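# Summary of the model geometry
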Amino acid sequence: MTEPAGEPTIYHEPGAGGAPLLWGPGFALAGYLAELSIGGPTHTFAWVGVGVVLLLLSMVWVYARRRFLLVRVTPSTLWQGREALPVARIAELDEVGAPAGARVLGGAWTVPRKYTEVPIRLDDGSVVLAWARDDARLRSALHEAREAG
């Protein structure tokens with residue numbers, strides 16, 4: 001399923017912000033400044049290399065989190081990571097229990113750490129687990145999307 005063009009976003013969790021991209025270069029700068037303050041020889045190119053390597057590693061980490069931990073609700077679709085669920089398939093949001101072995105949206109085996117599960121009953125009677133950092137706002141957005149659709 002492709003992302004709908006031009007639809008307004010009701011709820012959005014990007015998965016990761018851009019701040020972690022500054023950690024690696026910041027640590028390298030701190031190391032360089034520590035060397036500079038001690039008064040000994042400074043290894044400028046080594047610290048630049050360390051900063052670049054740490055920046056590249058954090059870029060991979062941020063990219064992965066933005067791709068696999070995305071939560072987005074539009075009037076027609078619930079996006080969980082790379083998986084899209086049409087809002088029209090949602091039959092019930094409240095008072096749904098999470099049975100053992102319920103499928104987790106987004107393709108993972110379990111709900112991601114630090115995220116809260118939101119059980120959803122689909123139109124075929126099955127229960128799937130959506131997830132978000134703020135489960136109340138996700139439920140509210142899904143109710144709004146169901147009313148809009």
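Since we're looking at a predicted model, the values are computed, not measured. (Residues numbered from 1 in each chain as written. Predicted model: local features only at pLDDT ≥ 70, side-chain atom pairs only at ≥ 80, totals over all residues. Heavy atoms only, no water.)

### What about the pairing of strand E4 (residues 83–86)?
Of the strand pairs in this sheet, strand E3 (residues 77–80) and E4 are connected by 4 bridges, and their pairing is antiparallel. Within the sheet, the bridge partner assigned to Gln80 lies in E4 and is Glu83. Remark: 2 residues form the turn of the hairpin made by E3 and E4, two consecutive strands paired antiparallel; Gly81 in that turn has positive phi of roughly 65°. (Pairing = 2+ DSSP bridges. Helix = DSSP H or I, 4+ residues; strand = E, 2+ residues; numbered from the N terminus.)

### Let's talk about helix H1 (residues 20–38)
The terminal C-alpha atoms of H1, which comprises 19 residues, lie 28 Å apart, in line with the 27 Å expected from a rise of 1.5 Å per residue. Taken as a whole, H1 has its buried residues at Pro20, Gly24, Ala28, Gly31 and Glu35. The elements touched by buried residues of H1 are helix H2 (44–68). Phi turns positive one or two residues past the end of H1, at Gly39, with a value near 95°. (Expected span 1.5 Å × (residues − 1). Buried < 20%, exposed > 50% of the residue type's maximum accessible area, 1.4 Å probe, protein only. Contact = heavy atoms within 4.5 Å.)

### With respect to the environment of Val53
Turning to its location among the elements, Val53 is positioned in helix H2. Separated by 10 residues in sequence, Val53 and His43 have C-alpha atoms that sit 15 Å apart.

### Side note on the packing of H1 against H2
Between H1 and H2, whose axes approach to 7 Å, the crossing angle comes to 165°. The angle between H1 and H2 falls in the class roughly antiparallel. The way H1 lies across H2 gives a crossing that is right-handed. Mapping the contact onto sequence places Pro20, Leu21, Gly24, Pro25, Ala28, Gly31, Tyr32 and Glu35 in H1 and Thr44, Trp47, Val50, Gly51, Leu54, Leu55, Ser58, Met59, Trp61 and Val62 in H2. Along the lines of polarity and charge, the residues of the contact of H1 with H2 split into 12 nonpolar, 5 polar and 1 charged. (Axes fitted to C-alpha atoms, helices over the stretch in contact; angles between N-to-C directions. Parallel < 35°, antiparallel > 145°, perpendicular 65-115°, else oblique. Left-handed = near helix turned anticlockwise from the far one by under 90°. Nonpolar A, V, L, I, M, F, W, Y, C, P; charged D, E, K, R; others polar.)

### Let's talk about the side chain of Thr74
With respect to the helices and strands, Thr74 occurs in the loop between strand E2 (71–73) and E3. Side chain to side chain, Thr74 and Glu7 meet in a polar contact 3.1 Å long. (Polar contact = N/O pair within 3.5 Å; in protein donor to acceptor, adjacent residues only side chain to side chain.)

### Quick notes on the sheet that holds E2
Strand order in the open sheet formed by 4 strands is E1-E2-E3-E4, and the pairing between neighbours is antiparallel. Each of the sheet's edge strands pairs with one partner strand only, and the pair in question is strand E1 (11–13) and E4. Adjacent strand axes in the sheet meet at a mean angle of 10°, parallel and antiparallel pairs treated alike. The pairing of E2 with E3 spans 3 bridges and is classified as antiparallel. Bridging from a neighbouring strand, Val73 pairs with Leu78 of E3.

### A word on the pattern of salt bridges
Per the counting criterion, the structure on display carries 4 salt bridges. Residues Glu83 and Arg103 are paired through a salt bridge, measuring 2.7 Å at the closest nitrogen-oxygen approach. Here Arg103 lies in strand E6 (residues 103–104) and Glu83 lies in strand E4, a separation of 20 residues in the sequence. Assessed through its relative accessible area of 22%, Glu83 is described here as partly exposed. One salt bridge in this structure joins Arg89 and Asp123, with 3.2 Å as the shortest N-O distance. With a gap of 34 residues between them, Arg89 in the loop between E4 and strand E5 (90–92) and Asp123 in the loop between strand E7 (116–122) and strand E8 (127–132) connect regions that are remote in the sequence. Residues participating in the shared-partner salt-bridge network are Arg89, Asp123 and Asp124. (Salt bridge = Lys/Arg side-chain N within 4 Å of Asp/Glu carboxyl O.)

### Observations concerning a nonpolar patch on the surface
Nonpolar side chains collect at one region of the surface, where Trp23, Phe27, Val50, Val53, Leu54, Leu57 and Trp61 lie side by side and expose about 710 Å² of accessible area between them. At 5 residues, H2 tops the list of elements feeding residues into the nonpolar patch. Note on Val53: relative accessible area 46%, which makes it partly exposed. (Patch = residues over 30% accessible without salt bridge, like charges linked within 9 Å, V, L, I, M, F, W, Y side chains within 5 Å. Areas by Shrake-Rupley, 256 points an atom, 1.4 Å probe, with all protein chains shown as cover.)

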